[in-house]
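Summary of structural features
Listed here are the chains, written in short residue letters.
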Amino acid sequence: DAELIKEFMQSKALSPYNTRVFKSVNVDGSVVYELRLASAVSSDECCDKDDDMGAFLGDHMHGDCRIRVTRGDYAPLLQRVVNNLNKAKEYAANENERSALSCYASSFLYGSIPAHKEGSRAWIADRGPVVESYIGFIESYRDPFGVR
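These remarks concern the structure in this document. (Residues numbered from 1 in each chain as written. Predicted model: local features only at pLDDT ≥ 70, side-chain atom pairs only at ≥ 80, totals over all residues. Heavy atoms only, no water.)

1. Focus on the nonpolar core
The condition that has to hold: What is meant by a nonpolar core is a set of buried Ala, Val, Leu, Ile, Met, Phe, Trp, Tyr and Cys residues, joined one to another through side-chain atoms within 4.5 Å. The buried label goes to any residue with under 20% of its type's maximum accessible area, the exposed label to any with over 50%, and the partly exposed label to all in between, with areas taken from a 1.4 Å probe on protein chains only.
In this structure, A40, L78, V82, L85, Y104, F108 and L109 are the most contacted members of the largest nonpolar core, which totals 15 residues. I5, Y33, L57 and I67 belong to the second largest nonpolar core, which has 13 residues in total.

Below, the structure is given as structure tokens:
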């Protein structure tokens, strides 16, 4: 199962860092894998121009298997994170800090690892901050995929 999901995610250039996978078997015996993205918004919420993950949502066939990509995993918690990151922008010391906070908020809102990487680039550009902070899906633990 893990190898199948890994192949699918690589074929779509999806990062596993903010995902969980659930396997279910339908009455007819067919298998459906649900790949859940951690995000504040759910799969059925409208997307906007900043949402780079919306195109991945929905059902996909990978070989003989159906994989459903959804988001909204941990939504209530991540909405609080997004709200507070947006509030923190008011207190940013410079544009690099504001940019990092904005990108991190977008990452947690939509479930976008590319937005998080963009925030990390702004974070790196912020030389010598008085208080240094970093947030995200950055700790990897052992799982069958080897990255969560």
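2. Description of the packing of helix α2 (residues 75–88) against helix α3 (residues 95–110)
Quick reminder of the rule: All axes here are fitted lines through C-alpha atoms, helices being fitted over the stretch that makes contact, and every angle between N-to-C directions spans 0 to 180 degrees. By the criteria applied, helices consist of DSSP H or I runs no shorter than four residues and strands consist of E runs no shorter than two, each listed in order from the N terminus. Each angle is binned into one of four classes, with values under 35 degrees roughly parallel, values over 145 roughly antiparallel, values of 65 to 115 roughly perpendicular, and all other values oblique. By definition, any crossing whose near helix is turned counterclockwise from its far helix by less than a right angle is left-handed, and any crossing with a clockwise turn is right-handed. Working rule for contacts: check all heavy atoms of both residues, and any pair within 4.5 Å makes them a contact. By the convention adopted, Pro, Cys, Tyr, Trp, Phe, Met, Ile, Leu, Val and Ala count as nonpolar, Lys, Arg, Asp and Glu as charged, and the other residues, Gly among them, as polar.
Running from amino to carboxyl end, α2 crosses α3 at an angle of 165°, the nearest separation of the two axes being 9 Å. As far as their axial angle goes, α3 and α2 are roughly antiparallel. Both α2 and α3 take part in a crossing whose hand is left-handed. In contact with L78, Q79, V81, V82, L85, N86 and A88 of α2, α3 contributes L101, Y104, A105, F108 and L109. Each residue belonging to the contact of α2 with α3 can be placed in one class, and the counts come to 10 nonpolar, two polar and no charged.

3. Thoughts on the packing of aromatic side chains
For clarity, the cut-off: Only centres within 6.5 Å qualify two rings of Phe, Tyr or Trp (six-membered ring in Trp) as a pair; their planes then separate them into stacked at under 30 degrees, edge-to-face at over 60, and tilted for everything else. Here, a charge over a ring is recorded when the distance from Lys NZ or Arg CZ to the ring centre is within 6 Å and its angle to the ring normal is within 35 degrees.
Under the defined criterion, the tally for this structure stands at two aromatic pairs. With 5.9 Å between their ring centres and 85° between their planes, Y104 and Y134 make a pair best called edge-to-face. Placement of Y104 in helix α3 and of Y134 in the segment after α4 (113–125) is noted, with a sequence separation of 30 residues between them. Take Y104: its relative accessible area is 3%, and that puts it in the buried class. Here the aromatic rings of W123 and Y134 are separated by 4.6 Å at their centres, their planes lie at 55°, and the arrangement is tilted. Taken as a pair, W123 in helix α4 and Y134 in the segment after α4 lie far apart in primary sequence, 11 residues in all. What makes W123 partly exposed here is its relative accessible area of 28%. Grouped by ring-pair contacts, the aromatic residues Y104, W123 and Y134 constitute a single cluster. Across the ring face of F22, the terminal group of R36 is positioned such that the distance to the ring centre comes to 3.7 Å.

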